[in-house]
Structures are given as structure tokens and as C-alpha cells.
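In case you want the letters, here they are:
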Amino acid sequence: MPPTPMLDQLESGPWPSFVTGLKRLAEGDEGKAHSGIMKSLLGQLEHSYQTRKGYWKGGTVGVFGYGAGVIPRFSEVAEQYPESSEFHTLRIMPAPGFFYDTKTLRQMCDIWEEHGSGLIALHGQSGDIMFQGCRTDQVQPAWDKLNEMGFDMGGAGAGVRTAASCVGPARCEQACFDTLEAHRTIINDFTDDIHRPSLPYKLKFKFSGCANDCANATQRADVAILGTWKDDMQVDQTEVQAKVRQLGRKEFINQVIRMCPTQALGLNDDDTLDIDNKSCVRCMHCINVCTKALEPGKDRGICILVGGKRTLKIGDLMGTVVIPFMKLESEEDYEKLLELAHNMLDFFADNALEHERTGEMIERIGLVNYLEALGLPLDVNMINQPRTNSYIRTDGWEEEARKWAGRKTSAAE
Ligand code: SF4
Ligand code: SF4
């Protein structure tokens, strides 16, 4: 094992460290090929920290029939660290809702220990399963085995990228549409644009079953599909009263009534809730706090936002609502969604500049022009300046980390 004094410091904080994971792979299976790769990688990483330089360069590596999905990495210090001189990543598309059984996960681990470094990230920020660390001659055999398991290679380059969806109706009572079905329908329809990138830049679809947005669609997807409802929220006033008793009136007012962004809630003298459904913007806050007492309404569907993205040219952008509500249940609803998605992709392909995301294109040409070109009705509620700050306050972060680490230790004991 190479000495890694600087990397070791990254293990000293309260949060779990990726360095510990790398060392476990390097030391756990002494003598096996992937153990050697990880030792070499740790050596190169330490060297990078010492010299404050990165030593990876790109190149071209792929598998038959695909134009995207492998991220090539060649080391510029290969002579010093030969076993990790080629450290390519395979981006494999995740199952909708990120569902896997244990057998599948074990098979993946076996494939990657045989053909790669053993290092797998579930999941990268792209949503893909990241099989990291593979030599060029092992890329095709590793891919063939993953493909035999039923998995497909995900996004890279200027095309439709791997999609991601929240767990949705499979496990979550808040889901307002079938995120898993919608994810699979879109991905199957755009397979060509995923395998063979031909757009000015990337285009991502993400699916969250409600405005809690567990798939981070609003912040990260060019086309974000979020569940919502149109009728009145469902209320069980007996459960509301129980919640008020549990929290106390003052705390209930602090945690629920005052936190409503549109002041749509009031607490009656008998501890029942008064909801002004016309003012409710379906943010999910009160439902999250009062899970038994409140539920989304029964007339459920989706809301579509476009233009979410992380930094690059004009900074972070949150998605902007372009369809406030549409149903997504029948075959016709799905056809309508696919037609709209194709129109969005075609417009992007024809009008975006090289290396420009949908949000940046809309910023340049104007939201009104984008909506008119797609034949979407304008609404005064559509903002023309999307929110750009996707950061949250992290007051008390260290304290929370200590609590979290304490919980983990006592659970292990
Ligand atoms: Fe549940 Fe909503 Fe999160 Fe999806 S986004 S997992 S439906 S809370
Ligand atoms: Fe207010 Fe949000 Fe609850 Fe609607 S869902 S009533 S906007 S807190």
C-alpha cells in the first residue's frame, strides 16, 4: 500500500470518506487484480494532492454500436502508477426508481471485480450507475456481461442523457403519477438519441412524483416532470386534531401554518384545518409535516418545467413551469407527453448553440418565443426569470454530522 498522508486527512472528519472505501477495496482482496488497481489509484491520487495537479486526460474508448456511455480516462503519470494507467468509466442506466434486488447487485460487483477496479458508484449525479476504473481491453467484455443482465449504457456527450426517477408509487404515498412508467416510456422512445448523441449539447429528463422532487428534477433536468394535483387537498380533520395535540397549537402554527408559502392555511378554534385550496401552490410542505392528516387531491397529474441546469455559462437555473397540469394515465396522455418531448428536443436541436443547455437557449431567445414555437399557451404565472440559487443553508452542519456519525456507530454496535 503506498503511503497516503494527505489522503489520510480526508478520513479524519465526521462524514464517511471515499478514501476509506478505496482503501477497503485495495486491502480487502489482497492479490487480486482490482486490489492492485486501487493501490495504484491511491498512489496517483496522493501524488495529485501533493503536486496540486490532476493527471487524467480523455481519449476515445467505446463499445460496438454505441457512440456514448464510456468516459475514457488515461493517466499522464502512467509510468509511476502503471496499474491504474487506464481508468475508464462505464455509465450504465439505472432501473427506474433505483430498484435492484440483491442478486443483481452481487452480479454487478462480480463483473466489476473481474473486469474493472471493483469501484462502483450508485449513483453518479448523472443518475447512472458508474462503473469506474476499467482498462480499454476490458470495456467490451464488461459491457457485454452487463448488457446480458438486461442493462443498457447511459448518457454521455451531446445527446439525451440517462434519465432518473424517484421511487414514486412503488413505495411513496405522495406520488401523483407513475414515475417509473413515465421514465421507462420516455427512455425507450429516445434510445437512439441516447446511444448516438447528435444534439448541440445534453438534454436530460427527470421524474419526481410530487413537488418534494426527490429526483432533483427542477435543479438538474432540462425537462422536469413533477407530480401535482388539481382539485382540493384531502384532509382527515381527526388526524389534524391529533397532530395539533402532539405538537401543541403554538408549534403546529409555527411548523405548519406559518410555513405555508402562500398563507393558504388557518387553524380553527377546534384544532381543525382551514385550507384555501385556490391559494395553495402544491408545495407539499404541510403534507410532509402532517402525513396522516393531509394528502394530495384525487385529480392527480403532472406539471412540466424546462431549463433546469447546473452552472456552466450563465450559472445555475431552476426549471420554469411550461405546463402547469396535464393528466398522465391513459395511452393518449402518454402519446401527448411523447409528442411534446419530441417537439422540445427538435426545437433544441434546431435552435441551441453548440454547448448550450435548454435553459441557456431560453434565456437567449426569450421564454415567450420558446412557448410560442412549441405552441404552448402563455400564462401570466409563468415567470421570465427563473430562480438561480439552488443552494441551501447549512447552519449546524458539523453538529448534525456528529449526530449522524453517533447514530451509525450505535446502530453498528
Ligand atoms: Fe415520494 Fe414525492 Fe419524493 Fe417521489 S418526489 S419519492 S413521490 S416524496
Ligand atoms: Fe400551503 Fe404548500 Fe400546504 Fe399548499 S401544500 S397549503 S402551498 S403548505
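The following refers to the structure shown. Note that the structure is a prediction, hence the values are computed from the model and not measured.

What follows is about the overall build of the chain. For the chain, the count of helices and strands is 15 helices and 15 strands. A compact globule built from 413 residues would reach a C-alpha radius of gyration of about 22 Å, and the chain, at 24 Å, matches this within 12%. With respect to the three principal axes, the spread of C-alpha positions in the chain is 75 × 55 × 40 Å. Carbon and sulfur atoms make up 49% of the accessible area of the chain, which amounts to about 21,100 Å² in all. Each charge class in the chain can be summarised by its mean position, and for the 45 positive and 59 negative side chains these summaries are 5 Å apart.

Turning our eyes to something else, we now look at the sheet that holds strand β5 (residues 116-122). Each strand in a sheet pairs with another by means of backbone hydrogen bonds, the pair being arranged parallel or else antiparallel. Strand order in the open sheet formed by 4 strands is β2-β4-β6-β5, with antiparallel pairing between adjacent strands. Among the strands making up the open sheet, the edge pair consists of β2 (70-71) and β5. Alignment of β2 against strand β4 (residues 88-92), held across 2 bridges, turns out to be antiparallel. Among the inter-strand pairings, Ile71 is bridged to a residue of β4, identified as Thr89. Against the sheet, helix α4 (residues 102-115) touches β4, β5 and β6 (129-134), its axis set at about 145° to β5.

As a further point, take helix α13 (residues 358-365). Within the sequence span of α13, burial applies to Thr358, Gly359, Glu360, Met361 and Ile362. Against the buried residues of α13 lie β14 (300-306), α12 (331-351) and α14 (367-374). Once α13 ends, the next one or two residues include Gly366, with phi positive near 100°.

With that settled, consider the site of ligand 1. The local shell around ligand 1 consists of Cys166, Val167, Cys172, Gln174, Ala175, Ser208, Gly209, Cys210, Asn212, Asp213 and Cys214. Of the residues contributing to the shell around ligand 1, the split by class is 6 nonpolar, 4 polar and 1 charged.

A separate point is the site of ligand 2. Around ligand 2, the neighbouring residues are Met233, Cys260, Pro261, Thr262, Leu265, Cys280, Val281, Arg282, Cys283, Met284, His285 and Cys286. The residue inventory of the shell around ligand 2, partitioned by class, reads 9 nonpolar, 2 polar and 1 charged.

Below, the discussion takes up the pairing of β5. Pairing of β5 with β6 involves 5 bridges; the strand directions are antiparallel. Pairing of Ala121 across the sheet is with Met130, part of β6. The turn linking β5 back onto β6 is made up of 6 residues, and Gly127 within it adopts a positive phi angle of 95°.

Moving on, we come to the pairing of β4. Taking burial as the measure, the 5 residues of β4 include 5 buried ones, the bulk of the element. A two-sided burial pattern is seen for β4, the buried positions comprising His88, Leu90 and Ile92 on one face and Thr89 and Arg91 on the other. As paired elements, β4 and β6 share 5 bridges and run antiparallel to each other. Paired with Thr89 across the bridge in β6 is Gln132.

With that settled, the discussion passes to a nonpolar patch on the surface. A contiguous nonpolar patch, built from Met6, Leu10, Phe18 and Tyr49 and spanning about 340 Å² of accessible area, is present on the exposed surface. Position of Leu10 relative to the elements: it lies in the loop between α1 (5-9) and α2 (18-28). Among the residues examined, Leu10 registers a relative accessible area of 35% and is labelled partly exposed.

Structurally, the position occupied by Glu239 is in helix α9 (residues 237-247). Residues Glu239 and Phe98, 141 residues apart in the sequence, show an inter-C-alpha distance of 32 Å. Excluding residues within four positions of it along the chain, Glu239 makes contact with Lys292 and Ala293.

One pass over the structure, following the stated rule, counts 7 aromatic pairs. Their ring planes at 75° and their centres at 5.5 Å tell us that Phe347 and Tyr370 sit as a pair that is edge-to-face. Of this pair, Phe347 sits in helix α12 while Tyr370 is found in helix α14, placing the two residues 23 residues apart along the sequence. Residue class for Phe347 comes out buried when judged on its relative accessible area of 15%.

Turning next to unusual backbone geometry. Omega for the bond connecting Leu122 with His123 falls within 30 degrees of zero, at 0°, which places this linkage in the cis form. Within the fold, His123 resides in the loop between β5 and β6. You will see that Phe98, though not glycine, has its phi angle at about 60°, which is positive. Turning to its location among the elements, Phe98 is positioned in the loop between β4 and α4. The class for Phe98 is partly exposed, based on a relative accessible area of 35%. Positive phi values are uncommon outside glycine, yet Asp271 reaches one of about 65°. One can find Asp271 in the loop between β11 (265-267) and β12 (273-275).

Conventions used here
Residues numbered from 1 in each chain as written. Chains lettered and ligands numbered in written order. Predicted model: local features only at pLDDT ≥ 70, side-chain atom pairs only at ≥ 80, totals over all residues. Heavy atoms only, no water. Helix = DSSP H or I, 4+ residues; strand = E, 2+ residues; numbered from the N terminus. Rg over C-alpha atoms; globule rule 2.2 N^0.38 Å. Areas by Shrake-Rupley, 256 points an atom, 1.4 Å probe, with all protein chains shown as cover. Lys, Arg positive; Asp, Glu negative; His and termini not counted. Charge placed at Lys NZ, Arg CZ, Asp CG, Glu CD. Pairing = 2+ DSSP bridges. Contact = heavy atoms within 4.5 Å. Axes fitted to C-alpha atoms, helices over the stretch in contact; angles between N-to-C directions. Buried < 20%, exposed > 50% of the residue type's maximum accessible area, 1.4 Å probe, protein only. Near = heavy atom within 4 Å. Nonpolar A, V, L, I, M, F, W, Y, C, P; charged D, E, K, R; others polar. Patch = residues over 30% accessible without salt bridge, like charges linked within 9 Å, V, L, I, M, F, W, Y side chains within 5 Å. Salt bridge = Lys/Arg side-chain N within 4 Å of Asp/Glu carboxyl O. Phe/Tyr/Trp six-rings, centres within 6.5 Å; stacked < 30°, edge-to-face > 60°.

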